Amino acid sequence: MNIEKVVFGFFILLAFTLNFGFVLGPMDVAHQHDVFELFLAIVVSLIATVIKFGDRTQVGALHLATSLVADLQLIAAALVWGHAMYVTQVGMTPEVTSMVVSFSAGALAANVVSVVLLIGETLQHRR
């Protein structure tokens, strides 16, 4: 068993599941989407991105691209949240919450692509 592959897979799947957990729930209900879970999703996604920098293959480039997209989407969600809470001080209205969850859902889509790539790559190595 290759420990690097285990760590790589772990962070890809953890980024996916944290993002999924944040997005899960009604889109416009703020108390269903925890800021700490969004923070963890961002941190783990950034760690996964750093890990993906070492792979020089075409699949590695796609992994990195999906991770960068997820990072940008999650950071945008956090910026919208922070702007609503601390700059305009409107709070987490249904509109703001929907925007934050929409950005996070975009990151979730990128994470799904990354997980599918990981599964496809793993299945190819088995043959």
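Residues numbered from 1 in each chain as written. Predicted model: local features only at pLDDT ≥ 70, side-chain atom pairs only at ≥ 80, totals over all residues. Heavy atoms only, no water.

Description of helix α1 (residues 3-23)
The criterion, for reference: Helix and strand assignments come from DSSP, with helices taken as H or I runs of at least 4 residues and strands as E runs of at least 2, each series counted from the N terminus. The span expected for a helix works out to 1.5 Å for each residue beyond the first. Think of it in three bands: residues with accessible area under 20% of the maximum for their type are buried, residues over 50% are exposed, and the middle band is partly exposed, with areas taken using a 1.4 Å probe on protein chains only.
Taking 1.5 Å per residue, 21 residues should reach 30 Å; α1 reaches 30 Å between its end C-alpha atoms and fits that length. For α1, the complete set of buried residues consists of F8, G9, F11, I12, A15, L18, N19, F22 and V23. The first or second residue beyond α1 is G25, which carries a positive phi of 120°.

A closer look at the packing of aromatic side chains
Test applied: Pairing of aromatic side chains requires ring centres within 6.5 Å, counting the rings of Phe and Tyr and the six-membered ring of Trp. Pairs whose planes differ by under 30 degrees are stacked, by over 60 edge-to-face, and all others tilted.
Scanning all chains against the criterion turns up four aromatic pairs. Both rings, one in F16 and one in F20, keep their centres 6.3 Å apart while their planes meet at 25°; by these two values the pair is stacked. Remark: F20 and F16 occur in helix α1; sequence separation between them is four residues, near one turn of the helix.

Some thoughts on the side chain of E121
Where we set the bar: Contacts are residue-level and defined by heavy atoms, with any inter-residue pair within 4.5 Å sufficient.
Looking at where E121 falls in the secondary structure, it is placed in helix α4 (residues 94-126). Setting aside chain neighbours within four positions, we find E121 in contact with D55, V59 and H63.

Focus on the layout of surface pockets
Defined as follows: Here a cavity is any set of points on a 1 Å grid over the protein atoms alone where a 1.4 Å probe fits but cannot get out, and a pocket is any open set with protein on both sides within 12 Å along at least 5 of 7 lines; a residue lines the site when it has an atom within 4 Å of a point. Grid points are joined across faces, edges and corners, and a volume is the space filled by probe spheres set on the points. Each residue is assigned to one class: nonpolar for Ala, Val, Leu, Ile, Met, Phe, Trp, Tyr, Cys and Pro, charged for Asp, Glu, Lys and Arg, and polar for all the others, Gly among them.
A volume near 470 Å³ is recorded for the largest pocket. Lining the largest pocket are 14 residues, and of these N2, E4, K5, F8 and L118 lie nearest its centre. Counting residues per element, the ones that place at least two in the lining of the largest pocket are α1 and α4. Among the residues making up the lining of the largest pocket, the classes are represented as four nonpolar, five polar and five charged.

Here we look at the nonpolar core
Just so we agree on the cut-off: Nine residue types can take part in a nonpolar core, namely buried Ala, Val, Leu, Ile, Met, Phe, Trp, Tyr and Cys, and a core is a set of them joined through side-chain atoms within 4.5 Å.
Formed by 23 residues in total, the largest nonpolar core has its most connected members in F22, L38, L74, W81, V96 and V100. Contacts of V96, omitting those with residues within four sequence positions, involve V80, A84, V90 and G91.

Details of the UniProt feature "transmembrane region" (unreviewed entry) in the protein
Heads up, the condition is: UniProt positions are given in the numbering used here, feature names are shortened, and annotations may be inferred rather than shown by experiment.
In the numbering used here, UniProt assigns the "transmembrane region" (unreviewed entry) feature to residues 7-24, 36-54, 61-84 and 96-119. Structurally, residues 7-24 comprises 94% helix and 0% strand, and the distance from its first C-alpha atom to its last is 25 Å. End C-alpha atoms of residues 36-54 are separated by 29 Å, and the span's content is 89% helix alongside 0% strand.

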